[in-house]
Amino acid sequence: MLLGEYAVLHGYPAVVCAIDKRIHVTLTPRDDMCVILDSALGHHETTLSQLEVVTPFQFVLETVYTFKKKLRQGFHLHIESEFSDTVGFASSAAVTVATTAVLSEWLALSLSKNEMIQKARDIVYAVQGSGSGADVAACVSGGLVFYRKEPFIAETRAIQHPMTVVYSGHKTPTPIAIQQVEKRFLSYPVLFSNLMKAIGACVEQGFEALKQHDWQVLGEMMTVQQGLMDALGVNTAAMNGIIHLLRQEPALSGVKISGSGFGDCVVALGECSAQLPNGAKQIRINMASEGVRIEKI
C-alpha cells in the first residue's frame, strides 16, 4: 500500500501496487468428494458435505465454500508461498485470489478481472469482518492500482519503480489494528473524518503525479500521509526509528508505513543499503506488472 490506508475503508480511494512475490495454488481433481489442503501451514482434510471454515485455512476454505454449490467432485489443493505470512504482503488476499482463480478456471466460469476482485474481496471480508479489497485488486490486476471500494473502481497502470521495504520485526493483524484506531477516535468523529479526507486528498494528488511519472510528488504525498498515520496513532518506536533512518538516505523519498501499522513494514521509493536497527530486515522486492496467472500443468 503506497497511499490510502484507513481512508480506503471509508469511501476514499487508495494506491496499491503488486510485488514480485507469489502464492501458487495447484488444484488436482479427485474421484471422490474429499477436499484436501496442503501448505506450509499444515494439512487439512474434509469433504464437500462437511465443509467448515477453520483456521489456519480460513481464507482458502471460505473460498471453496463460496463455490460449493457448483462443485461436483473433490480435489486436492497444494499451496506454496514465496514469502512468509508473518510479513504484511497481503498473503490472505493473495491466497484468496489464487484459490478463486484456480476454482473459477476449473469450473469454466470465465470471471473478468473486476468480477474476480469483487468476489475475492467479499470472501476476505466474510473471513475477517473488515478490509477494503485494495490488496485483492493488486493481486488480481498487477501493476499500480488506483482503487476504490464503492463506487467501485480499479484503474491499473503498468508502471515500475524501485522500492525499499523494511520489515519492523513484528506485525499486528489488520482487523486488530483497525479496531484500535476506531476505539481511539470513538469520541472524536469529526477529527477522524477530517483525517480520512486528508488521506484521500493525498491519494488523489499522488495518483495524478503517478500518471505523469512524477515520482518526486508521489513521494511528497507519501511523506504527508505518514504524518497523518502518526496522527492516527499507528506508529511504533521501532517503525519510527526505521522511518527516521531511511529519511536520511538521499536516494529515497516517500518513507511511510505501508498498511495498517502497529508494526509490519515501512516502504519508500528508491533503493538504499542503509544499516538497519536490530530486529528490522530489508526485504528485496520489486513492483510487478502482472497479477494473477493461470498455468495448466
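Residues numbered from 1 in each chain as written. Predicted model: local features only at pLDDT ≥ 70, side-chain atom pairs only at ≥ 80, totals over all residues. Heavy atoms only, no water.

### Digging into the sheet that holds strand β1 (residues 14-17)
Taking strand neighbours across the sheet as the criterion, the three strands line up as β1-β6-β7 in an open arrangement whose pairing is antiparallel. In this open sheet, the two strands that pair with only one neighbour each are β1 and β7 (153-157). Between one strand axis and the next, the sheet turns by 25 degrees as a mean value, whatever way the strands run. (Pairing = 2+ DSSP bridges. Helix = DSSP H or I, 4+ residues; strand = E, 2+ residues; numbered from the N terminus. Axes fitted to C-alpha atoms, helices over the stretch in contact; angles between N-to-C directions.)

### Concerning the environment of L103
Position of L103 relative to the elements: it lies in helix α2 (residues 91-106). Between the alpha carbons of L103 and V25 there is a distance of 9.9 Å; along the sequence they are 78 residues apart. Not counting residues within four places of it along the chain, the set of residues in contact with L103 comprises L27, T63, V64, F67, L71 and F75. (Contact = heavy atoms within 4.5 Å.)

### Thoughts on the pairing of strand β9 (residues 253-258)
Counted residue by residue, β9 has five buried out of six residues, so it is predominantly covered. In the sheet, β9 pairs with strand β10 (residues 265-269) via four bridges, with the strands oriented antiparallel. Along β10, the bridge assignment pairs S258 with C265. Here β9 folds back onto β10, and the loop between the two strands holds six residues, one of which, G259, carries a positive phi near 105 degrees. (Buried < 20%, exposed > 50% of the residue type's maximum accessible area, 1.4 Å probe, protein only.)

### Some thoughts on the pattern of salt bridges
Here the structure, examined in full by the defined rule, presents nine salt bridges. Salt-bridge contacts for E105 lead to K296; the nearest nitrogen and oxygen are separated by 3.1 Å. Taken as a pair, E105 in helix α2 and K296 in the segment after β11 (281-283) lie far apart in primary sequence, 191 residues in all. For E105, a relative accessible area of 36% translates into the label partly exposed. Between R121 and D122 there is a salt bridge, with the nearest N and O atoms lying 3.7 Å from each other. (Salt bridge = Lys/Arg side-chain N within 4 Å of Asp/Glu carboxyl O.)

### Section: the nonpolar core
The tendency in soluble globular proteins is for nonpolar side chains to be buried as a group. Core analysis: the biggest nonpolar cluster contains 54 residues, and Y6, V15, L144, L232 and L246 have the highest contact counts within it. If near-sequence neighbours (up to four positions away) are discounted, V15 is found in contact with M1, L2, L3, L144, V145, F146, V203, F207 and L210. Core analysis: the next-biggest nonpolar cluster, separate from the first, contains 43 residues, V25, A134, Y147 and A154 among them. (Core = buried A, V, L, I, M, F, W, Y, C linked by side-chain atoms within 4.5 Å.)

### Considerations on the packing of helix α3 (residues 113-128) against helix α4 (residues 134-141)
Closest axis-to-axis distance for the α3/α4 pair is 9 Å, and the angle between their directions is 140 degrees. Judged on the interaxial angle alone, α4 and α3 are oblique. Where α3 crosses over α4, the two elements pack in a sense that is right-handed. Contacts between α3 and α4 involve K113, M116, I117, A120, R121 and V124 from the first element and V136, A137, V140 and S141 from the second. Of the residues that constitute the contact of α3 with α4, the class distribution is seven nonpolar, one polar and two charged. (Parallel < 35°, antiparallel > 145°, perpendicular 65-115°, else oblique. Left-handed = near helix turned anticlockwise from the far one by under 90°. Nonpolar A, V, L, I, M, F, W, Y, C, P; charged D, E, K, R; others polar.)

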